[in-house]
Amino acid sequence: MTIDSLAIRRRDGVLEVLDQTLLPGEERWVAVRDSATMIMLIQRLSVRGAPLIGVAAALALAVEAENNVGKGALRHKAHELRNARPTAVNLMHAMDRMIRVLGQGKAAIVAEAEAIYDEDVNLCRDMAERAAAFLNEGDGVLTHCNTGGLATAGVGTALGAIRAAWESGKKIHVYVDETRPLLQGARLTAWELAKLGIPHTLICDNMAANLMRSGKVNQVIVGADRIALNGDVANKVGTYGLSVLAHHHKVPFTVVAPSTTLDPDCPSGSEIPIEERNGEEVRAGKAPASVNVWNPAFDVAPRELITRIVLEDRVL
Ligand code: MRU
């Protein structure tokens, strides 16, 4: 089967990922020949985005199976991959699927990983089309982080919806939050939107309130890393603030996610594990090296501030 997306591909039998830490300056593909390399790439955000890390981890485990690694060792590696990042539940769902087929032999393991890739492409297409219906001609659309082809195996979640609306002929303008501290908006979403030819304007995260008050934003649309049973949504840090702002300014707040992002075992947002990352990401070489930093990678938008959650097959 062909694996060939914006962020992950297989060339001459070798799994490769686009190193997203180098974008937009350089498009460098990195070969992944074992699961330890994939874990390192996931943890340094060379490979990122909730659906993509699940797909990438599954394909990395398939590489190990193709290398004739035994069942016990595969199980161990699957658990290591599963723990590479704590918040996006897509990773856990993908690895649980892989763990269930470990006893069925190499071909079954590879087929399962390819199915996870293929299904994500289809989930993206379906949720993007469904969510695009909520975007209207002339809308100013504010989005956060990167939720496009770089975050999934397909067209993306929220950015996929923006793309589908644009390609259906709706003239929209996208406002891109830069997304501190690692600038997924400035580096990745702006790069994707430029490639797609969709009009956009970059703002610093702390400009969103002012922009909403100006009346230029009619929609806020974001992705998700984990959706709790009660509808609370964990997503890139800053999403909670946007949900408060959207509520205050009476702007619809839409979350677009595949059902692989739902976590029925998690009763509410307060039970979602939130990854805390290195303070150096916030200091960014600018603050005093000794300053104490709090750096949660995600926050939780509470259900009461969310207008709708668009999945591939329904709207909540
Ligand atoms: O830390 P990242 O860059 O992996 O965070 C990604 C996000 O928060 C996205 O918004 C999320 O994964 C949903 S979009 C596919």
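Everything quoted here is computed from the prediction, not taken from an experiment.

Asker: Could you clarify how one ought to interpret the side chain of Thr 179 in this entry?
Answerer: By the secondary structure assignment, Thr 179 is in the loop between β5 (173–177) and α7 (184–196). Only 2.9 Å separates the side chain of Thr 179 from the backbone oxygen of Asp 177, close enough to count as a polar contact. Beyond its immediate sequence surroundings of up to four residues, Thr 179 is in contact with His 144, Cys 145, Gln 184, Gly 185, Asp 205 and Lys 236.

Asker: Explain the state of the cysteines to me, please; I cannot follow it from the model alone.
Answerer: What we call a disulfide is simply a covalent bond connecting the sulfur atoms of a pair of cysteines. In the structure shown here, the tally under the stated rule is zero disulfides. The cysteine Cys 145 is free of any disulfide, with Cys 124 supplying the nearest cysteine sulfur at 15 Å. In this structure Cys 204 is not part of a disulfide, and its nearest cysteine sulfur, from Cys 145, lies 16 Å away. Judged by its relative accessible area of 27%, Cys 204 falls in the partly exposed class.

Asker: Any chance you could explain the pattern of salt bridges here in plain terms?
Answerer: In a structure, side chains of opposite charge can pair up when their charged atoms sit close to one another. Tallied over the full model, the rule gives 16 salt bridges. One continuous salt-bridge network, built from bridges that share partners, spans Arg 85, Glu 275, Arg 277 and Glu 281.

Asker: Would you explain the sheet that holds strand β9 (residues 233–236) in this entry?
Answerer: Paired through their backbone hydrogen bonds, the strands of a sheet run either parallel or antiparallel. Strand order in the open sheet formed by four strands is β11-β8-β9-β12, and the pairing between neighbours is mixed. Since the sheet does not close on itself, it has two edges, and those belong to β11 (262–263) and β12 (298–301), each with one partner. Taken together, the four bridges between β9 and β12 define a ladder with antiparallel strand orientation. Across the sheet, Ala 234 pairs through a bridge with Val 300, a residue of β12. Against the sheet, helix α9 (residues 239–248) engages β9 and β12, with an angle of about 30 degrees to β12.

Asker: Teacher, can you tell me more about the pairing of strand β2 (residues 14–18) here?
Answerer: Each regular strand displays side chains that alternate between the two surfaces of the sheet. Here β2 lies mainly inside the structure; four of its five residues are buried. Two strands pair when backbone bridges link them, and strand β1 (residues 8–11) and β2 are joined in this way by four bridges, in the antiparallel orientation. Across the sheet, residue Arg 10 finds its bridge partner in β2, namely Leu 15. Hairpin connection of β1 to β2: two residues between the antiparallel strands, including Asp 12 at a positive phi of 50 degrees. Bridging between β2 and strand β3 (residues 29–31) involves three bridges; their strand directions are antiparallel. If you follow Val 17 over to β3, its bridge partner there is Val 30.

Asker: Which parts of the structure should I look at to understand the side chain of Ser 46?
Answerer: Secondary-structure assignment places Ser 46 in the loop between α1 (35–43) and α2 (50–66). Residue classification places Ser 46 among the buried residues on the basis of a relative accessible area of 0%. In this structure the side chain of Ser 46 is engaged in a polar contact, spanning 3.0 Å, whose partner is the side chain of Asp 19. The contacts of Ser 46, once residues within four sequence positions are left out, are Leu 18, Asp 19, Gln 20, Thr 21 and Leu 41.

Asker: Before we go on, may I ask you to explain the packing of aromatic side chains in this structure?
Answerer: For any two aromatic rings, the description comes down to two numbers: the centre-to-centre distance and the angle of the planes. Counted by the stated rule, this structure contains zero aromatic pairs. Directly above the ring of Trp 29 sits Arg 9, whose terminal nitrogen or CZ lies 3.9 Å from the centroid. Positioned above the aromatic ring of Trp 166 is the side chain of Lys 171, whose terminal nitrogen or guanidinium carbon lies 5.2 Å from the ring centre.

Asker: Just to check I follow, could you spell out the sheet that holds strand β10 (residues 253–256) for this structure?
Answerer: Spatially, β6-β5-β4-β7-β10-β13 is the arrangement adopted by the six strands of the open sheet, whose pairing is parallel. Looking at strand neighbours, the two that pair on one side only are β6 (200–203) and β13 (308–310), the edges of this open sheet. Put simply, the sheet's adjacent strands are angled 25 degrees from each other on average, direction ignored. Looking at chain direction, strand β4 (residues 140–143) and β5 are connected through four bridges and run parallel.

So, how was this worked out
For every chain, the first residue of the written sequence is number 1, and numbering continues from 1 along that sequence. Local features in this predicted model are restricted to residues whose pLDDT is 70 or higher, and side-chain atom pairs enter the listing and the counts only when it is 80 or higher, whereas totals over whole chains, interfaces and linings include all residues. Hydrogens are left out, water is left out, and the side-chain values use all remaining heavy atoms of the structure. Where helices and strands are cited, they refer to DSSP runs of H or I of at least four residues and of E of at least two residues respectively, numbered from the N terminus. Counted as a polar contact is a pair of N or O atoms within 3.5 Å, where, for protein atoms, one must be capable of donating a hydrogen and the other of accepting one, and residues adjacent in sequence contribute only when both atoms are in side chains. Here, two residues are considered to be in contact whenever any of their heavy atoms come within 4.5 Å of each other. When the sulfur atoms of two cysteines come within 2.5 Å, that pair is taken as a disulfide. Relative accessibility decides the category of a residue: with a 1.4 Å probe and only protein chains considered, values under 20% of the type maximum give buried, values over 50% give exposed, and everything between is partly exposed. We count a salt bridge whenever a side-chain nitrogen from Lys or Arg sits within 4 Å of a carboxyl oxygen from Asp or Glu. Only strands that DSSP links by at least two bridges are regarded as paired with each other. Note on geometry: axes are lines fitted to C-alpha atoms, helical ones only across the stretch in contact, with angles between N-to-C directions running from 0 to 180 degrees. Pairs were defined over the aromatic rings of Phe, Tyr and Trp, the Trp ring being its six-membered one, requiring ring centres within 6.5 Å. Orientation was assigned from the angle between planes: stacked under 30 degrees, edge-to-face over 60, tilted for the rest. Counting as a charge over the ring demands two things of the Lys NZ or Arg CZ atom: a distance within 6 Å of the ring centre and an angle within 35 degrees of the ring normal.

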